[in-house]
Amino acid sequence: ASIRLPAPLCGRVRPKPTHTRVSRFGPFPLAYTLDHVGPITRTVRDAALMLNVIAGHDPNDSTSSRRPVPDFAAQLDGNLKGTKIGVLRGLASGVTARVERLFEGALGVLRAGGATLADVSIPALRLGNGLSALLIRPEECAVHERWMFSRAGDYQPDVRAALETGLMVSADTYVRGQRARASILASTLAVMAGFDVLVCPTMLVTAPRIADETVTLGDGRSVTVAGAMLQLTGAFDVTGQPVVAVPTGLADDGLPASMQVIARPFEEETALRIAYAYEQARGPIPEPKL
C-alpha cells in the first residue's frame, strides 16, 4: 500500500506485482508476508517496462518466485474488446462524490472501448483491510523491536504507539489471521472466474491536507486520514494479487483520483494490458497543482 497511495495522490501509475514476483532484497522491510516491491511511473507502459527489469527470481531472496516472467510491455495492445470486468461496488462504501464521478467516468471509457462490465460483491474482501492491520503490527514490531527498547526516543510517539500494538497480538491470533488469507483469496478467485479483472477506486478521497487528522466520507462519516486512504488497498495486500493503480483524472478540487485494476495472482500482464487500454482511451490528463 505504501506505493499505491503516494502514486494516486500525485496522479501517477503504481503497479503492485503479485507477492514474491519481485524480490524484496534491498528495501527496508515493513511486514514480511505483506510487503510488495514495485515502481511509481508516469504511464502504464513505463510500469510494464520497469517490471520487465525487476521481476523474477533473486537468489538474495529465497522466497522470490521462480515462475517465468513474460514480456509485460509486449502485451500492451490497447484493445478492450471482449474484456470482462467486475466492478467492486460494496468495497468502496463511503467514497466521496468527486472520486465516484471520476470512477464512473472511467467505467464509461471501459464500456466505450468494448469491455463488458458487471457489478460484483465479495463480502470477504471487506475483512481484508482489518486483517492487513492485524498482520502488519506484529511483523513490523519484529523488525523494530530491538530499536524500540534501545532507541525509544528516536521514534515519533504515534509511530512508537503503533509499533507497540504489535506486542499485544498473540501467536494464536497471528496464525489464525494468516490462515484467513487463503479463504479471502479463494472467495475472490471464485467470483473472478467470470472476469478478466476487477476494478474499484484506489482511495475513497482525494489527497487530504497535511494537517488534517480526519476526513469526511461520502456517507457523512468522519474517519481518520489513514482509515480513508487504506480502506481499498489493504485487502489486496492480504490476497497478494497484482494491482495496477491508474489515474482517472482530476477532481473539482484540482487533485487526482485513481482506479485499481486487480488481476489473478501472477497475471500482471492482464492488469497492465487493461490499465494501458484504459489509459490510451482516456487520453492525457493535466498535471495536478500540488
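Before any of the text, the structure's been laid out above.
Now for a description of the structure that goes with this document.

With respect to the overall build of the protein chain
When helices and strands are tallied, the protein chain shows nine helices and eight strands. At 19 Å, the protein chain has a C-alpha radius of gyration in line with the 19 Å of a compact globule built from 290 residues. With 290 residues in all, the protein chain has 50% of them scored as buried. For the protein chain, the distance from the average position of its 30 positive side-chain charges to the average position of its 28 negative side-chain charges is 3 Å.

Examining helix α3 (residues 97–112)
Spanning 16 residues, α3 covers 22 Å between terminal C-alpha atoms, matching the ideal 22 Å at 1.5 Å per step. Taken together, the buried positions of α3 are occupied by V99, L102, F103, A106, L107 and L110. One face of α3 carries all of its buried residues, which in axial projection span an arc of 150°. Opposite its buried face, α3 presents the exposed residues R101 and A112, each directed more than 90 degrees away. Phi turns positive one or two residues past the end of α3, at G114, with a value near 110°.

Observations concerning the nonpolar core
In this structure, L88 and L125 are the most contacted members of the largest nonpolar core, which totals 39 residues. For this core, the secondary structure elements donating two or more residues are α3, α4 (128–150), α6 (171–192), β4 (197–201), α7 (225–230), α8 (234–239) and β8 (256–262). Setting aside residues no more than four positions away along its own chain, L125 makes contact with L88, L91, I184, T188, A235, F236 and T239. I85, F103, V199 and V244 belong to the second-largest nonpolar core, a separate cluster that totals 33 residues.

Details of the side chain of H36
With respect to the helices and strands, H36 occurs in the loop between β1 (14–16) and α2 (44–54). Side chain to side chain, H36 and K16 meet in a polar contact 3.1 Å long. What H36 contacts, discounting residues up to four positions off in sequence, is R14, K16, P17, T18, H19, F236, D237 and G240.

Here's the deal with the pairing of strand β2 (residues 84–88)
With respect to burial, β2 is a largely interior element, four of its five residues being buried. Looking at chain direction, β2 and strand β3 (residues 116–120) are connected through five bridges and run parallel. Counterpart to K84 in the pairing with β3 is T116. Each parallel crossover has a hand, and for β2 linked through α3 to β3 it is right-handed.

Calculation rules
- Residues numbered from 1 in each chain as written.
- Predicted model: local features only at pLDDT ≥ 70, side-chain atom pairs only at ≥ 80, totals over all residues.
- Heavy atoms only, no water.
- Helix = DSSP H or I, 4+ residues; strand = E, 2+ residues; numbered from the N terminus.
- Rg over C-alpha atoms; globule rule 2.2 N^0.38 Å.
- Buried < 20%, exposed > 50% of the residue type's maximum accessible area, 1.4 Å probe, protein only.
- Lys, Arg positive; Asp, Glu negative; His and termini not counted.
- Charge placed at Lys NZ, Arg CZ, Asp CG, Glu CD.
- Expected span 1.5 Å × (residues − 1).
- Arc of directions from axis to C-beta.
- Core = buried A, V, L, I, M, F, W, Y, C linked by side-chain atoms within 4.5 Å.
- Contact = heavy atoms within 4.5 Å.
- Polar contact = N/O pair within 3.5 Å; in protein donor to acceptor, adjacent residues only side chain to side chain.
- Pairing = 2+ DSSP bridges.
- Right-handed = clockwise from strand over helix to strand, strands pointing away.

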